[in-house]
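Residue strings, one per chain:
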Amino acid sequence: MGLGVEAPAVIKVIQYDITDLDVDAVVNAANTTLLGGGGVDGAIHHAAGPELLAACRKLGGCPTGEARITPGFRLKAKWVIHAVGPVWRDGAHGEPQMLESCYRSAFVLAKEAKARSIAFPNISTGAYGYPKEEAARIALKVMHAFAGDFRSIVACCFDAENAAIYHKLLDPSQRPDDDA
Ligand code: AR6
């Protein structure tokens, strides 16, 4: 099933390492400490250098569903936006609302920083165990809502399963009511 709307050209799906992208802002799938971790968080800290951890320490953490911004240091990206997604329990503990809110918070910070291009990893779908298709639907819904504010919004998938899900959801031919 598709999203039921045409994908604006600004939303792109790629399967790639987010630490190597030349965009204004890279979003990190962080935890509430903002002090680094595994997965994409570890990769971003490794690529950005120790200055990133020093900048994160000054932020004093971030609640689930929110985001914080730092410079990108050694990344090509000017900014890193650290978004804290929910740990998946059963979907009945506010996980969809928290996931949506962390995408929205990241977009709001990117707009304030005047970023015109932004790349997101598949927040919460790794260590935090969020079901991938449900997470992709939420991510794409928020990406559509902010599409008018950016030149480029990249859904940067790392694993082939997430990439296939995003391509499927963005493909108008997959829409059940497709009459295009
Ligand atoms: N580029 C793009 N995506 C990546 C990369 C990369 N270099 N590396 C991994 N991914 P995860 P979460 C994908 O576990 O589920 C950390 O320890 C990965 O395939 O990184 O939000 C934090 O500190 C998956 O699709 O983040 C937190 O404690 C996606 O990134 C916790 O994990 C997210 O997987 C957050 O868990």
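Please refer to the structure higher up on the page.
Draft legend 1. Representation of the side chain of T125 in the model. Position of T125 among the secondary structure elements: in the loop between β5 (117-120) and α4 (132-145). Of the residues examined, T125 reaches a relative accessible area of 11% and is grouped as buried. Among the polar contacts listed, one links the side chain of T125 to the side chain of N162, at a separation of 3.3 Å. Every residue in contact with T125, bar those within four places of it in the chain, is listed here: Y130, K132, A135 and N162.

Draft legend 2. Seen up close, the site of the ligand. Taken together, 22 residues are adjacent to the ligand, and G38, D41, S124, G126 and A127 come closest. Separating an oxygen atom of the ligand from a backbone N or O atom of G126 is a distance of 2.8 Å. Residue A127 places a main-chain N or O atom 2.8 Å away from an oxygen atom belonging to the ligand. The protein chains hide 89% of the 700 Å² of surface that the ligand would expose on its own. When grouped by side-chain class, the residues that make up the shell around the ligand number 9 nonpolar, 10 polar and 3 charged.

Draft legend 3. Spotlight on unusual backbone geometry. Phi is positive for F73, close to 50°, though the residue is something other than glycine. A residue is classified by how much of its surface remains accessible, and F73, at 35% relative accessible area, is partly exposed. The phi angle at K114 is positive, at roughly 65°, despite the residue not being glycine. Relative to the helices and strands, K114 is located in the loop between α3 (95-112) and β5.

Draft legend 4. Quick look at helix α2 (residues 50-57). Buried within α2 are the following residues: L52, A55 and C56. Projected down its long axis, α2 carries its buried residues within an arc of 100°, all on one side. Exposed and facing more than 90 degrees away from the buried side of α2 are P50 and R57. Tucked inside the fold, the buried residues of α2 contact α1 (39-48), β3 (67-71) and β4 (79-84).

What counts as what
Residues numbered from 1 in each chain as written. Predicted model: local features only at pLDDT ≥ 70, side-chain atom pairs only at ≥ 80, totals over all residues. Heavy atoms only, no water. Helix = DSSP H or I, 4+ residues; strand = E, 2+ residues; numbered from the N terminus. Buried < 20%, exposed > 50% of the residue type's maximum accessible area, 1.4 Å probe, protein only. Polar contact = N/O pair within 3.5 Å; in protein donor to acceptor, adjacent residues only side chain to side chain. Contact = heavy atoms within 4.5 Å. Near = heavy atom within 4 Å. Areas by Shrake-Rupley, 256 points an atom, 1.4 Å probe, with all protein chains shown as cover. Nonpolar A, V, L, I, M, F, W, Y, C, P; charged D, E, K, R; others polar. Arc of directions from axis to C-beta.

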